[in-house]
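Breakdown of the fold
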2 protein chains.
Amino acid sequence: MAAICFLSPVKPITFSSSVHSKRSPLFRCNFSLPTITTTEPEPVYTSVRSFAPATVANLGPGFDFLGCAVDGLGDFVSVRIDPSVHPGEISISDITGNHACKKLSKDPLRNCAGISAIATMKMLNIRSVGLSLTLEKGLPLGSGLGSSAASAAAAAVAVNEIFGGKLEVKDLILAGLESEAKVSGYHADNIAPAIMGGFVLINSYDPLELMSLKFPGEKELFFVLVTPEFEAPTKKMRAALPEEIGMPHHVWNCSQAGALVASVLQGDLMGLGKALSNDKIVEPKRAPLIPGMEEVKKAAIRAGAFGCTISGAGPTAVAVIDNEERGKEIGERMVEAFLKEGNLKAVSLVKRLDRVGARLIGSVPAR
Amino acid sequence: MAAICFLSPVKPITFSSSVHSKRSPLFRCNFSLPTITTTEPEPVYTSVRSFAPATVANLGPGFDFLGCAVDGLGDFVSVRIDPSVHPGEISISDITGNHACKKLSKDPLRNCAGISAIATMKMLNIRSVGLSLTLEKGLPLGSGLGSSAASAAAAAVAVNEIFGGKLEVKDLILAGLESEAKVSGYHADNIAPAIMGGFVLINSYDPLELMSLKFPGEKELFFVLVTPEFEAPTKKMRAALPEEIGMPHHVWNCSQAGALVASVLQGDLMGLGKALSNDKIVEPKRAPLIPGMEEVKKAAIRAGAFGCTISGAGPTAVAVIDNEERGKEIGERMVEAFLKEGNLKAVSLVKRLDRVGARLIGSVPAR
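Computed from a predicted structure; not experimentally measured.

When chain B is fitted to chain A, the residual RMSD is 0.0 Å, and the transformation amounts to a turn of 180° plus an axial shift of 0.0 Å. The symmetry that links the two subunits is that of a two-fold axis. Looking at chain B, 100% of its interface residues are interface residues in chain A too, so the copies touch through the same face.

With respect to the secondary-structure elements, T309(B) resides in strand 10 (residues 307–310). If we skip the residues at most four places from it in the chain, T309(B) touches L59(B), G60(B), L276(B), E283(B), T316(B), A317(B) and V318(B).

Quick look at the UniProt feature "domain: GHMP kinase C-terminal" (unreviewed entry) in chain A now. UniProt records the feature "domain: GHMP kinase C-terminal" (unreviewed entry) for residues 262–337 of chain A in the present numbering. Secondary structure content for residues 262–337 of chain A is 54% helix and 12% strand, and the end C-alpha separation is 31 Å.

Before going further, it helps to examine unusual backbone geometry. Residue P207(B) follows D206(B) across a cis peptide bond; omega there is 0°. Put simply, G314(B) and P315(B) share a cis peptide bond, and its omega is 5°. By the secondary structure assignment, P315(B) is in the loop between strand 10 and strand 11 (317–321). A positive phi angle is found at L59(A), which is not glycine, with a value near 50°. With respect to the element layout, L59(A) can be found in the loop between strand 2 (45–57) and strand 3 (66–81). Phi is positive for N125(B), which is not a glycine, with a value near 65°. Along the chain, N125(B) turns up in the loop between helix 1 (112–124) and strand 5 (131–137).

Turning to the pairing of strand 8 (residues 222–228) of chain B, a few remarks are in order. Each regular strand shows side chains that alternate between the opposite faces of the sheet. All names here are of chain B. Judged by how many residues are buried, strand 8 sits mostly within the fold: seven of seven residues are covered. Neither face of strand 8 is exposed, since F222, V224, V226 and P228 on one face and F223, L225 and T227 on the opposite face are all buried. Direction of pairing for strand 8 relative to strand 11: antiparallel, over a ladder of five bridges. In the sheet register, F223 faces strand 11, and the bridge partner there is V320. The sheet contact formed by strand 8 and strand 12 (residues 346–352) spans seven bridges and is antiparallel. The residue bridging F223 from the neighbouring strand is K351, located in strand 12.

Once that is clear, we can look at the packing of aromatic side chains. Residue and element names in this part refer to chain A. A full pass over the atoms with the stated rule returns six aromatic pairs over all chains. Here the aromatic rings of F199 and F215 are separated by 6.3 Å at their centres, their planes lie at 40°, and the arrangement is tilted. Pair noted here: F199 is in strand 6 (residues 199–205) and F215 is in the loop between strand 7 (208–213) and strand 8 (222–228), with a separation of 16 residues, a long-range link. This pair shows no difference in class: F199 is buried, exactly as F215 is. When the ring centre of W252 is taken as origin, the NZ or CZ atom of K280, which lies over that ring, is 4.2 Å away.

Parameters and conventions
- Residues numbered from 1 in each chain as written.
- Chains lettered and ligands numbered in written order.
- Predicted model: local features only at pLDDT ≥ 70, side-chain atom pairs only at ≥ 80, totals over all residues.
- Heavy atoms only, no water.
- Least-squares fit on C-alpha atoms with pLDDT ≥ 70 in both.
- Contact = heavy atoms within 4.5 Å.
- Helix = DSSP H or I, 4+ residues; strand = E, 2+ residues; numbered from the N terminus.
- UniProt positions renumbered as here; feature names shortened; annotations may be inferred.
- Buried < 20%, exposed > 50% of the residue type's maximum accessible area, 1.4 Å probe, protein only.
- Pairing = 2+ DSSP bridges.
- Phe/Tyr/Trp six-rings, centres within 6.5 Å; stacked < 30°, edge-to-face > 60°.
- Lys NZ or Arg CZ within 6 Å of the ring centre and 35° of its normal.

Structure follows, in structure tokens:
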């Protein structure tokens, strides 16, 4: 029997920006031109297991172009070479995790992990090997924590790694984006940080351009994630958005977006929290649709959070803080506020910023 | 006779942010609460001379909240103790410089430098000494280079320094802002960089909050400033702005604003130029009002500029580059384009980023 080895993250984010890096912090790729491997790679493992983190998109004034990854919370994907699967194809053998995951289709064409895995196999030009995939959902569905992106990111990384990791990060993002486009809309603000880790700014979609924003390594950043038992469908939350924005609000949100980016790069948690909380366009329209959200935000700030907003399209509320213990206290106040003001049960988690992104966490080498 | 000493800049920007600074990069002050000196300071000089740089505001997607200072181009103010002036008052004795400066009023209440000087004297609580002021305009009026802000900034610094520099930078900005509010609108995106130097982001106006964005010291940044013989009144340029902005354009400009801020902090000139050029809201409305501007921008990019947009409300076009010689070539192409496409004569200047801001440049000590 082959030994199981647990690897440290194998995917260096080579384009990741550092303030003092000589490299350009800009990472550009064109969605119409993914890498296509001309020669089919051999599998280097018989099975692999990957993890991809939860992500917080939007971030107040970062609406639709900024997201970040959250450590210790996410989805797992296992992929193995399966002679019983038609060569060049993938089968989903199992989906485990929270009870809601029973809703998910095992048809690879209708499943986030499946779509992303197929896109990755196409880029790798896999024709001779069949794969089977197991998805372990660590994330609740539709909670605003990038559940679909985490599945897609973990699947892309697993498929790429089983064949020796030939693809670049941009390709994994493009594979994941194919899944996101079918499942939750053509947005990279969850899939990009799910794969790259840290904070990612989406510069443009045509061509796709991303900017990795490095939060200083010596600083701590914790997210307090409070998810109520409430459904906030992305479609409904998107329908709540204004179509037109007055110039003063536009200028305000732009300046807060700039301040948010500066605060991330400078590790200025107070500035980050303040900018995060300062959205005058999206949050004011969406918060009233989540019972208690406005009071939850106030409770977080009162309890010492640097800032608080809606995670993704909700219903999760996200607050930021520099200390895990204080994060737990803030979370308790937020849970209480959801119950008292929104009559909603909620659970609270305190998690660090993830700086790594989707990664291989285990593998069985091929003979 | 007292010796004249020429001093190096005396006003350290102590709140200026550095990416690795332990200090908060946020600089907050409340317009309603300027410093008021309780005891009247004695003058430490009989006369002083100050300089304040030109500024480029708006910067494409940085509309109305981002500006930066330009070295080697600006206004000079001389202030001296004048026993013939009523104590606690200031008189403008002369305005020199380009011929357009004859338009400027010598009534201190109707002159940028005068208003700012009076506001500074009030904060210092000056009641026993009269001052006279000479303004030397280095900047053309209404060119989009922050002419009024440069006069106001130089005056505030001169008055403060003649009394020993008791006020904080925030107070000088508030004094200058009083002038800007009366002369060209309540906007800090010229006055703040004119006083602080470098790039400054205006976080909010109530209370006034600014963020100094440090462009890395080891990197070069040149502005190619091409000013055509054309009047673009701020009021007319402001009337051209859309009142409402569609969500896609809002998100686009916000993301470009974020990318612009990140590029400044990371010294990424390519990213800075690209973001600068990417405004989809303001520049498309204003550029057609300046004959030839659209072709001037194209000519700048063709000639190798990293980016180009309108400086302030125009008519000056500003391009960015990392090399002075190449900047001169780019400027020539831009001047040609103004002539060919807009039938406008234009002059081109290539100037470095100013990292210091308004400063004392000469003084005569009191006995």
